[in-house]
Amino acid sequence: MKEKQVNVAIAGATGAVGNQMIQCLEERNFPLKSLKLLASERSAGRKIRFKGDNLTVETLTKDSFKGVDVAIFSAGGTPSKIFAPAAADAGCVVVDNSSAWRMDPDIPLVVPEANPHAIAGYKTKGIIANPNCSTIQMIVPLVVLHREYGIKRIVVSTYQAVSGTGKKAIDELHDQTRSLLNFLKYDATVYPHQIAFNCLPHIDVFLDNGYTKEEMKMVNETRKILEDDTIGVTATTVRVPVFYGHSESVNVETQKHISAADYRELLKTQPGIKVVDNPSKNEYPLALDAAGQDLTLVGRIRDDESIENGINMWIVADNIRKGAATNAVQIAEILVKDYL
């Protein structure tokens, strides 16, 4: 039987995540009939290489989606609110990487390793939401723990790379580092403080409850994906001077007991995970090792000796790949294979 092929558009194709989406489509041999690249008017006309051809970027408009089967969006929240419904009205299914639709009760929020069945809910509004990068990598190893042992509470602290903010932040870290090492003045424009050689406990805006928007994303998205509003989740999100790869310290309290040793072996059987956990040889997940790959790395797995049913772990993933582009393309693959 011939493989089903579809017409795909990428909205926000010239950004860091959009570029990675294009690369993922090529690497994973996505069943493409055609590929349309869309971006803002200022990026229109640019050429992007795909499978040996130069594709021309077109201006993103409400009329861009005629004849398109699947649109993968990484254009930001405001453009998504404008153009995703227009794409859906044109008969296109949208996989959106922004925060615009994640908590809409009529739109599925999907991590393929955790809740691929939720993709079926796309029919209500024609949109599927891609979770926040830090949520995705935490969910990948936690879903099996919740499924088998029941998660009662999660305490997570993140150490997030500047690439999560975008190219300007990458440039700022580079320029500040170079300036400081050469005893030169520097500017802090992307972040409110110096990011080079520093850690900022501040990602996104602060809310009335004292948490940041990024922290509350992790709380709310985790409960939605795991389909359990009883799970206690508290987060502290920190920006660190790393270019690519988010790291997380995660403490989980479960309903039923599982030892760290048994959890370590359980994780080795799960898709999308690589266990890197041999402290005696200084082997544990590193942002440097996660960068450029799609696996979620898990290590420093150990019993929480302060409570009866507790596990600690360290989780690392490439925030541009698994934390954004790859997860979106994986959703699109399942959508095409099982629903279109």
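In what follows, the structure referred to is the one given above.
In what follows, the accompanying structure is described. (Residues numbered from 1 in each chain as written. Predicted model: local features only at pLDDT ≥ 70, side-chain atom pairs only at ≥ 80, totals over all residues. Heavy atoms only, no water.)

Considerations on the nonpolar core
Residues Phe65, Leu142, Ile154, Val250, Tyr263 and Met313 are the most contacted members of the largest nonpolar core, which totals 51 residues. If we skip the residues at most four places from it in the chain, Val250 touches Met138, Leu142, Ile154, Val155, Val156, Ile311, Asn312, Met313 and Ile315. (Core = buried A, V, L, I, M, F, W, Y, C linked by side-chain atoms within 4.5 Å. Buried < 20%, exposed > 50% of the residue type's maximum accessible area, 1.4 Å probe, protein only. Contact = heavy atoms within 4.5 Å.)

Observations regarding the pattern of salt bridges
On inspection of all chains with the given rule, the structure shows 14 salt bridges. Across the pair Glu333 and Arg28 runs a salt bridge, and its minimum N-O distance is 2.8 Å. Of this pair, Glu333 sits in helix α8 (residues 321-338) while Arg28 sits in the loop between α1 (16-27) and β2 (32-39); the two residues are 305 residues apart in sequence, bridging distant segments of the chain. For Arg28, a relative accessible area of 31% puts it in the partly exposed group. (Salt bridge = Lys/Arg side-chain N within 4 Å of Asp/Glu carboxyl O. Helix = DSSP H or I, 4+ residues; strand = E, 2+ residues; numbered from the N terminus.)

Some words on the sheet that holds strand β8 (residues 127-129)
Adjacent strands of a sheet pair through backbone hydrogen bonds, lying either parallel or antiparallel. Here six strands make up an open sheet; going across it, the order is β5-β2-β1-β6-β7-β8 and the pairing parallel. The outermost strands of the open sheet, each flanked by one partner alone, are β5 (58-59) and β8. Sheet topology places strand β1 (residues 6-11) next to β2; six bridges connect them, and they run parallel. By the bridge assignment, Ala11 is partnered in β2 with Leu38. (Pairing = 2+ DSSP bridges.)

Focus: the environment of Asp104
For Asp104, the position within the fold is in the loop between β7 (93-96) and β8. On a C-alpha basis, the gap between Asp104 and Ala129 in space is 9.1 Å, while along the polypeptide they are 25 residues apart.

Considerations on the packing of helix α3 (residues 133-149) against helix α6 (residues 260-267)
As a packed pair, α3 and α6 sit with axes 10 Å apart at the nearest point and diverge in direction by 120°. With respect to α6, the axis of α3 lies oblique. Considering the relative orientation of α3 and α6, their crossing is right-handed. Where α3 abuts α6, its residues Pro141, Leu142, Val144, Leu145 and Tyr149 lie against Tyr263, Leu266 and Leu267. Of the residues assigned to the contact of α3 with α6, the class counts are eight nonpolar, no polar and no charged. (Axes fitted to C-alpha atoms, helices over the stretch in contact; angles between N-to-C directions. Parallel < 35°, antiparallel > 145°, perpendicular 65-115°, else oblique. Left-handed = near helix turned anticlockwise from the far one by under 90°. Nonpolar A, V, L, I, M, F, W, Y, C, P; charged D, E, K, R; others polar.)

Regarding the sheet that holds strand β9 (residues 151-160)
If you trace the six strands from one edge of the open sheet to the other, you get β10-β9-β11-β14-β13-β12, paired in mixed fashion. A strand with exactly one partner marks an edge of an open sheet, and here the two such strands are β10 (232-239) and β12 (273-275). On average, adjacent strands in this sheet sit at an angle of 20° to one another, irrespective of strand direction. Of the strands in this sheet, β9, β10 and β11 (246-254) are in contact with helix α5 (residues 213-226), which crosses β10 at around 145°. On the sheet, α6 packs against β12, β13 (296-303) and β14 (310-317) and is oriented at approximately 165° with respect to β13.

A closer look at the side chain of Lys322
Note that Lys322 resides in helix α8. Residue Lys322 is classed as buried on the basis of its relative accessible area of 1%. A polar atom in the side chain of Lys322 sits 2.8 Å from the side chain of Asn327. Not counting chain neighbours up to four residues away, the residues in contact with Lys322 comprise Pro112, Glu113, Ile136, Val140, Asp294, Thr296, Asn327 and Gln330. (Polar contact = N/O pair within 3.5 Å; in protein donor to acceptor, adjacent residues only side chain to side chain.)

Remarks on the side chain of His246
Tracing the backbone shows His246 in strand β11. We classify His246 as buried; its relative accessible area is 1%. One polar contact links His246 to Gln160, side chain to side chain, over a distance of 3.5 Å. There is a polar contact of 2.9 Å between the side chain of His246 and the backbone nitrogen of Ala161. His246 has contacts with Cys133, Ser134, Gln137, Tyr159, Gln160, Ala161, Gly164, Arg239, Ile315, Val316, Ala317 and Asn319, leaving out every residue within four places of it along the chain.

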